[in-house]
Amino acid sequence: MSKKTWWAIASVLLVASMMLAACGPTPTPEKVVETVVVTVEKEGEVVEVVVTATPTPPEAKEFKSADPTTLNVVTISEGIDSLDPALNYESDGDAIILNVYDQLVTYAGPKATEFVPSLATDWTISDDGKTYTFTIRKGVKFHNGADLTAEDVAYSLQRGVLQGNTASPQWLFTEPFFGIGTFDVAELVDPTGAMDDDPEALKAADPAALVAACERVTNAIQYDEAAGTVTFNLALPWGPFLATLAQSWGSILDKDWAIEQGTWDGDCATWQNYYGATSETTPLRDKVNGTGAYKLESWTPGEQKVLVRNAEWWRTEPTFPGGPTQPTIDRIVIKGISEWGTRYAMLQAGDADIPAVPRESVAQVDPMVGEWCEYNAETAGFDCEIRGDQPLRLFKGQPAADRTDAFFTFNISAEGGNNYIGSGQLDGNGIPPDFFSDIHVRKAFNYCFDWDAYINDALAGEAVQVSGFLIPGMIGYDPNGPKYTYDPDKCVEELQQAWDGQVWEKGFRMQIAYNTGNVTRQTVAQILQANFAAIDPKFQVEIIGLPWPSFLAAQRASKLPIFISGWIEDLHDPHNWAQPFLVGTYASRQMLPQEMYDEFLALVNAGVSETDNAKRAEIYQQATAKDYEYAPAIRLAVATGRHYQQRWVGGYYYNPIYGWDNRYYTLTKQ
Amino acid sequence: MLNYIIRRLLMVPLLLFGVTVLIFAMLQALSPVERSALYVRDIPKNDQALQGIIKRYGLDQPIYVQYWRWLVGFKDPQSGEIRGGILRGDFGYSRTASQPVGDLLARRFPATLEMALLAVLPVVAGGIFLGVIGAVYHNKPLDHIVRIFGIIGWSLPDFVFGLLLLMAFYAATGWFPPGRISDWADQVINSPVFHSYTKLNVLDALLNLRFDVFWDALRHLVLPVITLAYLWWALTLRVTRSSMLETLRQDYIVTARAKGLSERVVIRKHALPNGLMPVVTLSGNTVVGLLSGVVIVETVFNYPGIGMAAARAAVNLDVITVLAFVLLNGLILVLANLVVDILYAYIDPRVRLD
């Protein structure tokens, strides 16, 4: 090549390197310790002393945004399923519903177990714990200007239950209203569940049975307009009932408006025509009329949501000491941006006030943090420290309300062949379908799991190992309760006893599957693989990555010897963990033995039907002890989350049940 | 020429029929349960209800019956409504976009079209210009620079180039933000006083005499258009350069020069028309490529076009949505090829006689 060509190449490389340099983190200014030499008189002598100036703490710099009237929230995706509060069962939709609708009660700010009045001014609970009576607040207006009535409250909750759909959160109401194990209103017509999610079958049912089912619902949820009260008659005392009402599915609609949109007309003779609405067919999919602090201006699926301030919001009392009573930010724009590079650029440009930062990218963002706030479990608040002038504030150590565990399948399905269990026999080349029915096998897997490695590798060191199936801070959770720890010697002991010594003699081979791209699940499998191989190569754990649909299908068909799965709580209540983990979704996939199931069921039912928190705590501690004794799973760790925001944003608090995108009305922007 | 155009136009329905058969064949790889998303928005979980849906929408019918229903729709025996029918614009329901696929396409396509239209002019004009420069100044410094420019464009991954631009011209300076429009401009566009005649924000803003909105829409397009244009420039200039080099070596060019014509006339009048023949074909492909190949660029710049929606549908195995995009791309390809063929025939009379 000629000299000129080389010059051209060099120029292009120079420009590229300059662009790359521009993308790097802003260098932190070097701290300079100032020293001065002063002359002092000491015992008649004049000497020179070197004095080091005391470093002054960084001054609290004032951070101001270009537009304090609009809060820009940038999330990973915009994936609202539906804005019908009776139907929505995912967090993206909740983030809107909880800001545009109100419920009868709400959480006391960051306290996940304390409730304060919202649309109800007060409430009473009968001595037997089965009747709740709420006094409805007067003077509250919906966004369309209509007044809130007791009838609106009763209609909203009746309509939700009657609309049904087993994929909706309504089972959280049907159980307390009609008894444990009732998951859908259609079961009031056909208790076998054959009509669940089948509107056509329901329409064809006996009209008298349909009316009777509806009347059970209207009897369970009654109102008295003259007294301004709504009464709930439960089938049994229900510990988490207030927590159930405080969530998005407890949102209150304007009855007349809802009927105008095409929802149930309030007549028991017609409810079956509205049963089984789905997230796409419900008339309230994209229509909103609540009493909340914000109004929905627009929702562009896949792109963004825009909320505008409700200047006539009713709240005059804060929900927690020092909390605000009215929203101050005019507009909230919530954008879904999947590409991290784009979100990072927006953060640098100051266009993202609250960005979603993936765990693997925190090292890239941390140099932009000038104020560090650590979660304080005792106060449910944050202890903050200013360390520099950088533009971001970081809240860390927030306990998450979800967890991933590794579950053992007690009776693995071998129907149609099952590669995950190799030969299907205990011959060193597979495992029998009931491999995990032996307690020593289950304990061996627990002792061979390294929690520290898991927390460091999969959760960036920001997590705590749990003791039992509950999560820290919850009624009945004992941080000092029994838990397994990584102990290779005990693992060997258990393996030697498993299957009368056959496991130790012959070894085993099995596959642990994870859905491709899920690093957490992959890491769990890798830890077990490495630790068993370290004991003896005849203990073979193979790891297989599957596309999500295949992984899910294998898990649901009970084909996986160990399935690694996560749970996000619906309610911050121990029942919401005990039910799925010990008797519900996961327990059924694990094919728990009947004896174990019965023991768990008795404790789960006792826990949920007890309203005294101290007694509930005792019951859940008993359940936790049983869980430790039977070791039906490897209970892993609860991650502690991070939340980044620009320092011109204030008013943030963390309630584990909501996550970070809770109530925008408390936020401020300079 | 007219005969040729008529012949080509008559081919279009046949080609489109072929495309629909191909897409429908792909659909058959899905189970009847998954195919029910063509007609119902939420697939029932109850087995009995599921069987009812399969029967009701004829998903167990002979394949030609299903094809016809997919193409033109059919009357729902229970509700009496017409369901399905891609010719009616009913492509089914997009699970990932939470809306009918037809609505998704109607909303997203103008955004992609706007970006592609703004990119195509600089791509073709700039690519041809640089290609001609490279050929005319063959093996001279200008040619080397053009070649290096082309090699970098051709070898630089679009997401890397896009992110570099984003960091330099947005994160550091705030000049050219991602997205399609700013929040305030979006409010203007959605207000009753603003008329969205074409759904192309730049054009609509001009037609409404809202120059502030025009500038806002334009500055959101600058970086994605540059990213797209640079990558396609590289291809256009390389094809133009090699084609022009070959043309400039032809005897008739030597003759033209021997006649004493100026170099400018030789290149413009004699070399360029012949040298650009392959570029015409390429330009057709460029339009198709710009419209269908914008997945990465739209994702990097958070530009809400069809590419981003298609990518999201693909990673979430939303096959109904993905196949609708494939169908749209097939349609664009057929129409673009029609235009290219007609242009080709116009430029080169020999084509018409084939």
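Source: prediction; values computed, not measured.

## Examining the overall build of chain B
Okay, step 1: Across its full length, chain B carries 17 helices and four strands.
Okay, step 2: Dimensions of chain B, computed from the C-alpha atoms along their principal axes, are close to 85 × 55 × 40 Å.
Okay, step 3: Counting across all 354 residues of chain B, residues that qualify as buried make up 40%.
Okay, step 4: In chain B, the share of contacts with a sequence separation of at least 24, taken over all contacts with a separation of at least 6, comes to 68%.

## What to know about the overall build of chain A
Okay, step 1: Of regular secondary structure, chain A possesses 20 helices and 24 strands.
Okay, step 2: The C-alpha atoms of chain A give a radius of gyration of 29 Å, which matches the 26 Å a tight globule of 670 residues would have.
Okay, step 3: With the principal axes as the frame, chain A shows a C-alpha extent of 105 × 75 × 75 Å.
Okay, step 4: Within chain A, buried positions represent 49% of all 670 residues.

## What about the pairing of strand β4 (residues 105-108) of chain A?
All names here are of chain A.
Okay, step 1: The pairing of β4 with strand β5 (residues 111-117) spans four bridges and is antiparallel. Each residue of the ladder has a partner; that of tyrosine 107, found in β5, is phenylalanine 115.
Okay, step 2: Between the antiparallel neighbours β4 and β5 lie two residues, among them glycine 109 with a positive phi of about 55°.

## Here's the deal with helix α4 (residues 63-72) of chain B
Residues and elements named next belong to chain B.
Okay, step 1: Among all positions in α4, only Gln66, Arg69 and Trp70 are buried. End-on, the buried residues of α4 take up no more than an arc of 100°, which puts them together on one face.
Okay, step 2: Buried residues in α4 make contact with α1 (2-27) and β1 (74-75).
Okay, step 3: Two residues or fewer past α4, glycine 73 is found with a positive phi of approximately 90°.

## Observations regarding the packing of helix α9 (residues 340-349) of chain A against helix α7 (residues 158-171) of chain B
Okay, step 1: Running from N to C, α9 of chain A and α7 of chain B cross one another at 15°; their axes reach a closest spacing of 9 Å. On the basis of their axis angle, the class for α9 of chain A and α7 of chain B is roughly parallel. In this structure, the crossing between α9 of chain A and α7 of chain B has a hand that is right-handed. Taken together, the residues of α7 of chain B that come into contact with α9 of chain A (itself represented by Gly341, Thr342, Ala345, Gln348 and Ala349 of chain A) are Leu163, Leu166, Met167, Tyr170 and Ala171 of chain B.

## Some thoughts on the nonpolar core
Okay, step 1: Judged by nonpolar contacts, the single largest core of 266 residues is most densely connected at Val153, Leu528 and Ala637 of chain A together with Met115, Ala119, Leu166 and Leu228 of chain B.
Okay, step 2: At 16 residues, the largest contribution of residues to this core is made by helix α10 (residues 211-248) of chain B.

## Remarks on helix α6 (residues 141-155) of chain B
Okay, step 1: With 15 residues, α6 of chain B ought to run about 21 Å at 1.5 Å a step, and its terminal C-alpha atoms sit 21 Å apart, in line with that.
Okay, step 2: Along α6 of chain B, the residues that are buried comprise His144, Ile145, Val146, Gly150 and Gly153 of chain B.

## Some details on the sheet that holds strand β11 (residues 304-309) of chain A
Residue and element names in this part refer to chain A.
Okay, step 1: With mixed pairing, five strands are arranged side by side in an open sheet as β10-β11-β12-β3-β13. The two strands at the open ends of the sheet, each matched to only one other strand, are β10 (294-300) and β13 (354-355).
Okay, step 2: Bridge count between β11 and strand β12 (residues 331-336): five bridges; the pairing is antiparallel. Along β12, the bridge assignment pairs lysine 305 with isoleucine 334.

## Points about the sheet that holds strand β6 (residues 120-125) of chain A
Residue and element names in this part refer to chain A.
Okay, step 1: Reading across from one edge, β6-β7-β9-β8 is the order of the four strands in this open sheet, with antiparallel pairing throughout. Each end of this open sheet is capped by a strand with a single partner; those strands are β6 and β8 (221-224). For this sheet, the mean inter-axis angle between neighbouring strands, taken without regard to orientation, is 20°.
Okay, step 2: Along the sheet, helix α3 (residues 150-163) contacts β7 (131-136), β8 and β9 (229-233); its crossing angle with β8, the most-contacted strand, is approximately 170°.
Okay, step 3: Along the sheet, helix α6 (residues 207-220) contacts β8 and β9; its crossing angle with β8, the most-contacted strand, is approximately 55°.

## A short note on the packing of helix α5 (residues 101-136) of chain B against α10 of chain B
Residue and element names in this part refer to chain B.
Okay, step 1: For the pair α5 and α10, the least separation of the axes is 6 Å and the interaxial angle reads 35°. Note that α5 runs across α10; the crossing there is right-handed.
Okay, step 2: Of the residues that constitute the contact of α5 with α10, the class distribution is 22 nonpolar, six polar and one charged.

## A word on unusual backbone geometry
Okay, step 1: In this model, tryptophan 499 of chain A sits at a positive phi of 50°, which is unusual for a non-glycine residue.
Okay, step 2: Structurally, the position occupied by tryptophan 499 of chain A is in the loop between α13 (488-497) and α14 (502-506).
Okay, step 3: At asparagine 302 of chain B, a residue that is not glycine, the phi angle is positive and equals roughly 45°.
Okay, step 4: Position of asparagine 302 of chain B among the secondary structure elements: in the loop between α14 (295-300) and α15 (306-315).
Okay, step 5: In this structure asparagine 302 of chain B comes out as buried when scored by C-beta crowding, with 26 C-beta atoms within 10 Å.

## Re the confidence of the model for chain B
Okay, step 1: Scored by pLDDT, chain B has a mean of 85; 94% of the residues are at 70 or more.
Okay, step 2: Within chain B, no element has a lower average pLDDT than helix α17 (residues 349-353) of chain B, which sits at 67, and none a higher one than helix α9 (residues 201-207) of chain B, at 95.

## Things to note about the pairing of strand β3 (residues 70-75) of chain A
All names here are of chain A.
Okay, step 1: Within β3, five of the six residues are buried, which leaves it mostly tucked inside the rest of the structure.
Okay, step 2: As paired strands, β3 and β12 are joined by six bridges and run parallel to one another. Considered in β12, the bridge of threonine 75 is made with glycine 336.
Okay, step 3: When β3 meets β13, the two strands line up parallel, connected through two bridges. Looking at β13, one finds that valine 73 is bridged to isoleucine 354.

Thresholds, definitions, all that
- Residues numbered from 1 in each chain as written.
- Chains lettered and ligands numbered in written order.
- Predicted model: local features only at pLDDT ≥ 70, side-chain atom pairs only at ≥ 80, totals over all residues.
- Helix = DSSP H or I, 4+ residues; strand = E, 2+ residues; numbered from the N terminus.
- Buried ≥ 20, exposed ≤ 12 C-beta atoms within 10 Å, placed from the backbone.
- Contact = placed C-beta atoms within 7 Å.
- Rg over C-alpha atoms; globule rule 2.2 N^0.38 Å.
- Pairing = 2+ DSSP bridges.
- Arc of directions from axis to C-beta.
- Axes fitted to C-alpha atoms, helices over the stretch in contact; angles between N-to-C directions.
- Parallel < 35°, antiparallel > 145°, perpendicular 65-115°, else oblique.
- Left-handed = near helix turned anticlockwise from the far one by under 90°.
- Core = buried A, V, L, I, M, F, W, Y, C linked by C-beta atoms within 7 Å.
- Expected span 1.5 Å × (residues − 1).
- Nonpolar A, V, L, I, M, F, W, Y, C, P; charged D, E, K, R; others polar.
- pLDDT = per-residue confidence, 0-100.

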